[in-house]
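# Chain and residue survey
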Amino acid sequence: EELDIKVTVDSSGREEYGFLKEQLFQNPNFFHLGAFHEGLAVVKAYNNVYGYVDDKGEIVVDPQYQFASPMSNGRAVVKKFQKWYILNSEFELKPFGAGSLKDMEGATSARPGFLVIQTDGKYHILNTNLQSLELSVPYDSIVYRPQEQVFWCKTDMEEVLYSVAPNQELKVIIRSINIFFDIGLPKQVKYLEEDALSWRLLDLSDIDNPTKSVNKFFGISAFYHQTLAIAETSILTGAGTIYLIDRRGKIVSTFRDTYSVDIFDELLNDKYIIIGVDLSGQKNLVHYFYEKKSAKKLHKKPVYGFAKSGLNQHGHLQVANKRDKWGIIDTAGQQVLDYVSDRPLAYSNATYVATREGKVGAFDIKGQQLTEIKYDRLSGYYNGFYVFTLNAKKGVVNYKSAEIIPPIFAQIKVYKEFFLCSPPTIKGKSSFGIDRRGKCLSGDCEEYKQLLTEYYQKN
């Protein structure tokens, strides 16, 4: 049966602690090994009792306890026959003294030397590192958050965050009536100030020196991709000032006379974010683009719409200006294609097709114009050529806007080296093979020349 054990094995099969796992697990009753502290780790047997193993793989305390904490400062807490004990470095049991510790109802290991215990329906932090077995005040709930290395304690009246000082004593970081950890923002926490009206951010990246944000806000939304959040300093009953803040609580952008701000992050990749600002109260949003990591605004000029398809493979996003004309910007905020289209551009084979007053034209991915915007339809882009439709007739135009084959055919099929062109269905007329320079290769080439002459005389 596969063992539930996290180990590092070198080329000889020896674990990082210096012994082979077979030495420890030759007894099939053992199935879990905890982390090592002070040369000892808790080992669990299949019958849910615990013991200790040393760093040579030797069982030093047979599994016999209903609960066993990691060793810290030469002490651990164990439970045996429904009674609680201190286990010292000589593996001697010392019973708890009188009082609440003697009658505690449960315990959970939080970190080496610290347990969350339950007694009389309340929870405490028990510090076994200190000789006095220091116990915190009671709380309704206590959660240890290993990522931030803090204890989050709650009562009906307040919430408290504790860290562990270098001397192993508990240290209060903040007290508040409401503390909130954002799922998307590790090592950051927001909490209500004493006035109970404003929120502030606390950075726990350096747990020994946590820092508070300078700015206070009436409200802070959830952070997006661990980078940006929306905040305001007062209740908005109409247009007001809304802020975009980074994870430190620093104001990145200020939006005045604004009704609301929305973040659209699902349309771009994990590097960029779109901010939509409502300046009218009618949800006619003005959009700005930011880099998530640096919170840098990319596109200096706002846009008034963007394609729901989001970024394409070239890192381009289709956007609209105030006149509802469409163009393209890249992820650096640079304008790739000016606002030339009446609607979102079609994309195919690394080219864009723009529409203006019912006519279409093509542009490449660098924004260079390939054809004039004058055709009824463009179909496919094949090795530098488009088949176009104009006045119900088909022709071929190249990437320099030169019409290689004028619009005189009913059907055109594209092959690697030539085009097979069929004139309107008139009895006696055949198809023509025409190369990329417009030269007739097959079919009645004299008839083709006559068709060209008639077309150019009329046009």
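Bear in mind that the values here come from a model prediction, so they are computed numbers and not experimental data. (Residues numbered from 1 in each chain as written. Predicted model: local features only at pLDDT ≥ 70, side-chain atom pairs only at ≥ 80, totals over all residues. Heavy atoms only, no water.)

## Observations concerning the overall build of the protein
Along the protein, the regular secondary structure elements total 2 helices and 42 strands. Taken over 459 residues, the protein has a buried fraction of 47%. Residue pairs in contact within the protein that sit at least 24 positions apart in sequence constitute 25% of those at least 6 positions apart. Just so you have it, the protein exposes about 24400 Å², and 48% of that area is on carbon and sulfur atoms. (Helix = DSSP H or I, 4+ residues; strand = E, 2+ residues; numbered from the N terminus. Buried < 20%, exposed > 50% of the residue type's maximum accessible area, 1.4 Å probe, protein only. Contact = heavy atoms within 4.5 Å. Areas by Shrake-Rupley, 256 points an atom, 1.4 Å probe, with all protein chains shown as cover.)

## A look at a nonpolar patch on the surface
On the surface, a nonpolar cluster with roughly 280 Å² of combined accessible area is contributed by Tyr 415, Phe 418 and Leu 441. Locating Tyr 415 in the fold gives a position in the loop between strand E39 (411–414) and strand E40 (418–422). (Patch = residues over 30% accessible without salt bridge, like charges linked within 9 Å, V, L, I, M, F, W, Y side chains within 5 Å. Salt bridge = Lys/Arg side-chain N within 4 Å of Asp/Glu carboxyl O.)

## Focus: the sheet that holds strand E14 (residues 150–154)
In space, the 4 strands of this open sheet follow the order E13-E14-E15-E16, with antiparallel pairing throughout. Two strands in the sheet have a free side with no partner beyond their single neighbour: strand E13 (141–145) and strand E16 (170–176). Neighbour to neighbour, the strand axes of the sheet diverge by 20 degrees on average, direction disregarded. Sheet topology note: the E13/E14 ladder contains 5 bridges and is antiparallel. By the bridge assignment, Ile 142 is partnered in E14 with Cys 153. (Pairing = 2+ DSSP bridges. Axes fitted to C-alpha atoms, helices over the stretch in contact; angles between N-to-C directions.)

## A short note on the side chain of Asp 364
Among the secondary structure elements, Asp 364 is positioned in strand E34 (residues 359–364). An unpaired buried charge is present at Asp 364: no salt bridge exists, and Lys 366, the closest side chain of opposite charge, is 6.6 Å distant. Separated by 2.9 Å, the side chain of Asp 364 and the backbone nitrogen of Lys 366 make a polar contact. For Asp 364, the contacting residues outside a window of four places in its chain are Ala 350, Thr 351, Tyr 352 and Leu 370. (Lys, Arg positive; Asp, Glu negative; His and termini not counted. Polar contact = N/O pair within 3.5 Å; in protein donor to acceptor, adjacent residues only side chain to side chain.)

## Thoughts on the pattern of salt bridges
Considering all chains together, one arrives at 12 salt bridges under this definition. Residues Arg 200 and Glu 193 are paired through a salt bridge, measuring 3.3 Å at the closest nitrogen-oxygen approach. Each member of the pair, Arg 200 as well as Glu 193, carries the same accessibility label: buried. The salt bridge partner of Asp 435 is Arg 437, with a shortest N-O separation of 3.9 Å. Residues joined in a network through salt bridges with shared partners are Glu 193, Arg 200 and Lys 216.

## Describing the state of the cysteines
Summed over the entire model, instances satisfying the criterion amount to 1 disulfide. Note that Cys 440 is cross-linked by a disulfide to Cys 445, the S-S spacing being 2.2 Å. In this structure the cystine formed by Cys 440 and Cys 445 twists about its S-S bond by roughly -80 degrees; its chirality is therefore left-handed. Judged by relative accessible area, Cys 440 falls into the buried class, the value being 15%. Unpaired in this structure, Cys 421 has its nearest cysteine sulfur neighbour in Cys 440, at a distance of 9.1 Å. (Disulfide = S-S within 2.5 Å.)

## So, the nonpolar core
If you look at soluble globular proteins, the nonpolar side chains tend to sit buried side by side. Within the largest apolar cluster, 17 residues are counted, with the highest numbers of intra-cluster contacts made by Ile 405, Phe 409 and Tyr 448. Setting aside residues no more than four positions away along its own chain, Ile 405 makes contact with Phe 388, Gly 395, Val 396, Phe 419, Cys 421, Ile 434 and Tyr 448. The next biggest cluster of nonpolar side chains, apart from the first, holds 14 residues, and it includes Leu 228, Phe 255, Tyr 288 and Tyr 290. (Core = buried A, V, L, I, M, F, W, Y, C linked by side-chain atoms within 4.5 Å.)

## Notes on the packing of aromatic side chains
In this structure the tally under the stated criterion is 17 aromatic pairs. With a centroid separation of 6.0 Å and 40 degrees between ring planes, the pair formed by Phe 255 and Tyr 288 is classed as tilted. With Phe 255 in strand E24 (residues 251–258) and Tyr 288 in strand E27 (residues 285–291), this residue pair connects regions lying 33 residues apart in the sequence. The residues Phe 255 and Tyr 288 share a single accessibility class, namely buried. An angle of 70 degrees between the planes, with centres 5.7 Å apart, marks the rings of Phe 385 and Phe 419 as edge-to-face. One end of the pair, Phe 385, is in strand E36 (residues 385–390); the other, Phe 419, is in strand E40, and 34 residues separate them in sequence. Counting every residue linked through ring pairs, the aromatic cluster contains Phe 114, Tyr 144 and Phe 151. One Lys or Arg, Lys 190, reaches over the ring of Trp 199 and ends 5.0 Å from the middle of that ring. (Phe/Tyr/Trp six-rings, centres within 6.5 Å; stacked < 30°, edge-to-face > 60°. Lys NZ or Arg CZ within 6 Å of the ring centre and 35° of its normal.)

## Side note on the side chain of Glu 159
You can see Glu 159 is positioned in strand E15 (residues 159–164). For the buried Glu 159, which has no salt bridge, the nearest side chain bearing the opposite charge is Lys 154, at an N-O separation of 4.6 Å. Here the side chain of Glu 159 touches Ile 179 through a polar contact of 3.1 Å, landing on its backbone nitrogen. Residues contacting Glu 159, with those up to four places away along its chain left out, are Trp 152, Cys 153, Lys 154, Ile 174, Arg 175, Ser 176, Ile 177, Asn 178 and Ile 179.

## Considering helix H2 (residues 445–458)
Compared with the 20 Å implied by 1.5 Å per residue over 14 residues, the 20 Å span of H2 between its first and last C-alpha is a close match. Those residues of H2 not exposed but buried are Glu 447, Tyr 448, Leu 451, Leu 452 and Tyr 455. Each buried residue of H2 lies within a common arc of 145 degrees when the element is viewed along its axis, so the set occupies one face. Turned more than 90 degrees away from the buried face of H2, the exposed residues are Glu 446 and Gln 457. Residues of H2 that are buried sit in contact with strand E38 (403–409), strand E41 (432–435) and strand E42 (440–442). Where H2 begins, the side chain of Asp 444 points an oxygen toward the backbone nitrogen of Glu 446, at a separation of 3.3 Å. (Expected span 1.5 Å × (residues − 1). Arc of directions from axis to C-beta.)

## Structural notes on the sheet that holds E42
Backbone hydrogen bonds hold the strands of a sheet together, and the pairing may be parallel or antiparallel. Strand order across the open sheet formed by 4 strands is E39-E40-E41-E42, with antiparallel pairing between neighbours. Unpaired on one side and paired on the other, E39 and E42 mark the two borders of the sheet. The average undirected angle you get between the axes of adjacent strands in this sheet is 35 degrees. As paired elements, E40 and E41 share 4 bridges and run antiparallel to each other. Across the sheet, the residue bridging to Leu 420 is Gly 433, located in E41.

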